[in-house]
Amino acid sequence: MNFHHVSVLLDECIESLNIKPDGVYVDCTMGGAGHSKEIVKRLSSKGLFIGFDQDKNAIETAKERLKDYSDRVRFIHSNFENIKEELEKIGVYKIDGVLADLGVSSHQLDEKDRGFSYMQDAPLDMRMDVRKDFSAYDVVNTYSEEELARIIKEYGEDNWAKRIAKFIVEKREEKEIETTGELVDIIKSAIPKKARIDGPHPAKRTFQAIRIEVNNELLVINKMIQDAVSIMDKGGRICIITFHSLEDRIVKNEFKELALDCVCPPHFLMCQCDKKSLVKVITRKPILPSEEEINENPRSRSAKLRVAERI
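What counts as what
Residues numbered from 1 in each chain as written. Predicted model: local features only at pLDDT ≥ 70, side-chain atom pairs only at ≥ 80, totals over all residues. Heavy atoms only, no water. Helix = DSSP H or I, 4+ residues; strand = E, 2+ residues; numbered from the N terminus. Rg over C-alpha atoms; globule rule 2.2 N^0.38 Å. Buried < 20%, exposed > 50% of the residue type's maximum accessible area, 1.4 Å probe, protein only. Contact = heavy atoms within 4.5 Å. Areas by Shrake-Rupley, 256 points an atom, 1.4 Å probe, with all protein chains shown as cover. Lys, Arg positive; Asp, Glu negative; His and termini not counted. Charge placed at Lys NZ, Arg CZ, Asp CG, Glu CD. Pairing = 2+ DSSP bridges. Axes fitted to C-alpha atoms, helices over the stretch in contact; angles between N-to-C directions. Polar contact = N/O pair within 3.5 Å; in protein donor to acceptor, adjacent residues only side chain to side chain. Parallel < 35°, antiparallel > 145°, perpendicular 65-115°, else oblique. Left-handed = near helix turned anticlockwise from the far one by under 90°. Nonpolar A, V, L, I, M, F, W, Y, C, P; charged D, E, K, R; others polar. Salt bridge = Lys/Arg side-chain N within 4 Å of Asp/Glu carboxyl O. Core = buried A, V, L, I, M, F, W, Y, C linked by side-chain atoms within 4.5 Å. Phe/Tyr/Trp six-rings, centres within 6.5 Å; stacked < 30°, edge-to-face > 60°. Right-handed = clockwise from strand over helix to strand, strands pointing away.

A. Representation of the overall build of the chain in the model. Helices and strands together make up the secondary structure of the chain, namely 14 helices and seven strands. Taking 311 residues into account, the globule formula puts the C-alpha radius of gyration at 19 Å, and the chain, at 21 Å, falls close to it. Dimensions of the chain, computed from C-alpha atoms along their principal axes, come out at roughly 60 × 60 × 40 Å. Every one of the 311 residues in the chain was classed for burial, and the buried ones make up 52%. Of the contacts formed within the chain by residues at least 6 apart in sequence, a portion of 68% connects residues at least 24 apart. For the chain, the accessible area works out to roughly 15500 Å², and carbon and sulfur atoms hold 48% of it. A gap of 4 Å separates the mean positions of the 50 positive and 55 negative side-chain charges of the chain.

Next up, the structure:
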């Protein structure tokens, strides 16, 4: 199986994790195991690496690529929103670092039949975890016009959301929309030609929105961060790579919230909220890929890395 995925901000992530050889580290999104391998290489035989992925292809690839380190590696086929529960199942209650790369993997985009790409005609799917029944086909063919417009506007930040939703609903009245190619044609017909001349591919934002909806991508980020921080030892680092503004805003705000110490109104003479700061934000501004990396891997262009440390 050729699971191709170029690791984004690799050196920056490894440096930011401050890896201790005997520590316990979690990669929430292994993908092609690029980040994972660099973490594992820095662990001693007393260290432990735990890799999560909801894509079974990623799990199989990681097992092969990390087979030389089998004495210090565990794999979990699950969504990272279950990080705390899944770690408890294997007897892990404290960790020293967490990495999450929230982008869709190059492999998922390039594997035609997965239906993630608007550049290749394929069945409407977009499931990161193929064990789930709910797919892009269900979103496109069963959501109301209002629901479609909402997710395309919220998750895709597309100004043509209402018009795209209207065109989708009108077209599916003729016949069900079954492929990515059909959906791309509908989106193109909904967006006026002048608006399609500049900027990204006209289907990019809608495909992003549907993928996020299918995989519940945004709603699980906060839980993962909170749970990871709750079981992290002092000095442990959490490093998260995002690829669009919605994800980045969630991570930035969650880190900010966890860093707050007391949220009582200013007129209170004594703290009554008992809130304690849990992390120190290491990256006031996100770490961005270098020009060199962007040239070598154009998909890294929109990547942002944010880091916080448990206190």
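B. Structural detail: the sheet that holds strand 6 (residues 279–281). On the basis of which strands lie adjacent, the open sheet formed by seven strands has the order 3-2-1-4-5-7-6 and mixed pairing. Two strands in the sheet have a free side with no partner beyond their single neighbour: strand 3 (73–77) and strand 6. When strand polarity is set aside, the average angle formed by the axes of neighbouring strands in this sheet is 15°. Looking at chain direction, strand 2 (residues 48–53) and strand 3 are connected through five bridges and run parallel. Along strand 3, the bridge assignment pairs Phe 49 with Val 73. Across the sheet, helix 3 (residues 56–65) lies against strand 2 and strand 3, angled at about 170° from strand 3, the strand it touches most.

C. Region of the structure containing the environment of Ile 164. By the element assignment, Ile 164 lies in helix 8 (residues 161–174). Separated by 83 residues in the primary sequence, Ile 164 and Glu 247 place their C-alpha atoms 23 Å from one another. Among all residues touching Ile 164, those that are not within four sequence positions of it are Ile 152, Asp 158, Ile 187, Ala 190, Ile 191 and Thr 206.

D. Layout of the environment of Asp 71. Topologically, Asp 71 is positioned in the loop between helix 3 and strand 3. The partly exposed category is assigned to Asp 71, whose relative accessible area is 49%. Between the alpha carbons of Asp 71 and Ser 44 there is a distance of 9.8 Å; along the sequence they are 27 residues apart. Among the polar contacts listed, one links the side chain of Asp 71 to the side chain of Arg 72, at a separation of 3.1 Å.

E. Here's a closer look at the packing of helix 7 (residues 145–156) against helix 8. The geometry of helix 7 relative to helix 8 is characterised by a closest axis approach of 8 Å and an angle of 140° between their N-to-C directions. As summarised for this structure, helix 7 and helix 8 are arranged oblique, according to the angle between their axes. For helix 7 against helix 8, the interelement crossing comes out right-handed. Between helix 7 and helix 8, the residues in contact are Glu 145, Leu 148, Ala 149, Ile 152 and Lys 153 and Ala 161, Lys 162, Ile 164, Ala 165, Lys 166, Ile 168, Val 169 and Arg 172, respectively. When grouped by side-chain class, the residues that make up the contact of helix 7 with helix 8 number eight nonpolar, no polar and five charged.

F. Here's a closer look at the pattern of salt bridges. Taken as a whole, this structure holds 21 salt bridges when the rule is applied. A salt bridge links Arg 114 to Asp 55; the shortest N-O distance between them is 3.0 Å. You can see Arg 114 sitting in the loop between helix 5 (106–110) and helix 6 (136–142) and its partner Asp 55 sitting in the loop between strand 2 and helix 3, a full 59 residues away along the chain. Per residue, the accessibility class of Arg 114 equals that of Asp 55, and both read buried. Counted as one network, the salt bridges with shared partners bring together Glu 38, Lys 41 and Arg 42.

G. Broad picture of the nonpolar core. Counting 65 residues, the largest nonpolar core has Leu 87, Ile 225 and Ile 238 as its most contacted members. If we skip the residues at most four places from it in the chain, Leu 87 touches Val 26, Ile 50, Phe 52, Ile 76, Val 92, Ile 95 and Ile 231.

H. Focus on the packing of aromatic side chains. Applying the stated rule across the entire model yields two aromatic pairs. Ring geometry for Tyr 118 and Phe 207: centres 5.8 Å apart, planes at 85°, overall edge-to-face. Remark: Phe 207 occurs in helix 11 (residues 204–215) and Tyr 118 occurs in the loop between helix 5 and helix 6; sequence separation between them is 89 residues. Here Tyr 118 falls in the partly exposed class, since its relative accessible area comes to 23%.

I. Geometry of the pairing of strand 2. Strand 2 sits mainly inside the fold: five of its six residues count as buried. In this sheet, strand 2 lies alongside strand 1 (residues 24–27) in parallel orientation, the contact comprising four bridges. The partner of Tyr 25 across the bridge, within strand 2, is Phe 49. Handedness of the crossover is the feature at issue here: the chain leaves strand 1, passes through helix 2 (residues 34–41), returns alongside strand 2, and the resulting connection is right-handed.

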